[in-house]
Number of protein chains: 2
Amino acid sequence: MRDLPLSKVYQLLEPGPVVLLTTAAKGRANVMTMSWHMMVEFEPPLVACVVSSANHSFAALKATKECVIAVPALELASKVAEVGNCSGCDVNKFETFGLTPTPAGRVAAPLIADCFANLECKVVDTRLVRSYNLFILEVLKAWSDPAQKQPKTIHHHGYGRFVVDGETIKLKSKMR
Amino acid sequence: MRDLPLSKVYQLLEPGPVVLLTTAAKGRANVMTMSWHMMVEFEPPLVACVVSSANHSFAALKATKECVIAVPALELASKVAEVGNCSGCDVNKFETFGLTPTPAGRVAAPLIADCFANLECKVVDTRLVRSYNLFILEVLKAWSDPAQKQPKTIHHHGYGRFVVDGETIKLKSKMR
């Protein structure tokens, strides 16, 4: 994997793909599936996300204030759904589903080598955790896998229905 | 347009489509393009969004604490981009781009009849507005247009590049 400029992070998350979120607490790594996230600032990139307190990852995220957001392409869709259907409380999901944890540079949570992008994050604001389980993350370092060309992402519509990226259109834009 | 159950709102926003956000202040309606939003709670549906203080809509949203999130299908993509490229400070965007404002039931901000879904919202938490321009909205009432069958949404990847919904896949899920 190679460095991805932090200024490009929003291009990964703004389209709303299903992502994986890794944490590591007490020497044990875990991974969950997440769709409730959004960009909050371009650079340094800030990301908001909701991690339910019912998720095993919640306590690790709250305690360590670190995580990795990994973006899976279509090829990982079935694993992504399986990761979302079980709890790290019961199983080692990396082993069970054959995902490849890789050491990150700035956080204890692992990267997922199988994903086409990985974002190392620290929690920078917890004011809305109590009310909504909403965390504000800062992306410290970003990685992309040059071997995965034009990855298609998946988008969750509820009840296990996912829409896959289709055609790309280019429209005149003043947006960054 | 007909009622959409509030329990189904997350299925519209969780996939991360580009949406339009309408406001009305001092008798004048406005509309902006928005991609930084996420679900926060299923029911009653809570939505987080970032509306930059550089946007003309920011002051209206902050003052009136009401808005409508309208979800456009692919057919509106060029209008959606144009709405995002100009300011309500300068133009009446509804007239300029031929979008059809329609009275909402619970808020002063208008629905957009051209969109396949409309969500009437009130601001319920402003704690993160000062730091990040991040608003928490509650969806009070939701509408869908039964005439628009299987609408495809668009997802912004930056610089006017949009990815359109492609194929749908169904995977086993315990997610709601």
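Chain A is annotated in an unreviewed UniProt entry as Flavin reductase domain protein FMN-binding from Methylocella silvestris. The UniProt entry for chain A carries this comment under Sequence similarities (unreviewed entry): "Belongs to the flavoredoxin family." Recorded under Cofactor (unreviewed entry), the UniProt text for chain A is reproduced unchanged: "FMN".

A word on the overall build of chain A. Of the regular secondary structure elements, chain A holds five helices and twelve strands. Relative to a compact globule of 176 residues, whose C-alpha radius of gyration would be 16 Å, chain A shows 15 Å and is just as compact. For chain A, the spread of C-alpha atoms along the principal axes amounts to about 50 × 35 × 30 Å. Here chain A, with 176 residues, has 56% of them falling under the buried criterion. Pairs at least 24 residues apart make up 63% of the contacts formed inside chain A by residues separated by at least 6 positions. Split by element, the accessible area of chain A, about 7,300 Å² in all, is 50% carbon and sulfur. Computed over 20 positive and 16 negative side-chain charges, the separation of the two mean positions in chain A equals 5 Å.

Here the structure, examined in full by the defined rule, presents six aromatic pairs over all chains. Between the aromatic rings of Phe42 of chain A and Trp36 of chain B, the centroid separation amounts to 4.7 Å while the plane-to-plane angle is 55°, which identifies the pairing as tilted. Residue Phe42 of chain A is found in the loop between β4 (37-41) and β5 (46-50), and its partner Trp36 of chain B is found in the loop between β3 (28-34) and β4 (37-41); the two belong to separate chains. Each member of the pair Phe42 of chain A and Trp36 of chain B is classed as buried. A ring pair is formed by Tyr10 of chain B and Phe42 of chain B, whose centres lie 4.8 Å apart and whose planes are at 85°; its orientation type is edge-to-face. Taken as a pair, Tyr10 of chain B in helix α1 (residues 9-13) and Phe42 of chain B in the loop between β4 and β5 (46-50) lie far apart in primary sequence, 32 residues in all. Each member of the pair, Tyr10 of chain B as well as Phe42 of chain B, is classed as buried. Across the ring face of Trp143 of chain B, the terminal group of Lys141 of chain B is positioned such that the distance to the ring centre comes to 4.4 Å.

Criteria and cut-off values
Residues numbered from 1 in each chain as written. Chains lettered and ligands numbered in written order. Predicted model: local features only at pLDDT ≥ 70, side-chain atom pairs only at ≥ 80, totals over all residues. Heavy atoms only, no water. UniProt positions renumbered as here; feature names shortened; annotations may be inferred. Helix = DSSP H or I, 4+ residues; strand = E, 2+ residues; numbered from the N terminus. Rg over C-alpha atoms; globule rule 2.2 N^0.38 Å. Buried < 20%, exposed > 50% of the residue type's maximum accessible area, 1.4 Å probe, protein only. Contact = heavy atoms within 4.5 Å. Areas by Shrake-Rupley, 256 points an atom, 1.4 Å probe, with all protein chains shown as cover. Lys, Arg positive; Asp, Glu negative; His and termini not counted. Charge placed at Lys NZ, Arg CZ, Asp CG, Glu CD. Phe/Tyr/Trp six-rings, centres within 6.5 Å; stacked < 30°, edge-to-face > 60°. Lys NZ or Arg CZ within 6 Å of the ring centre and 35° of its normal.

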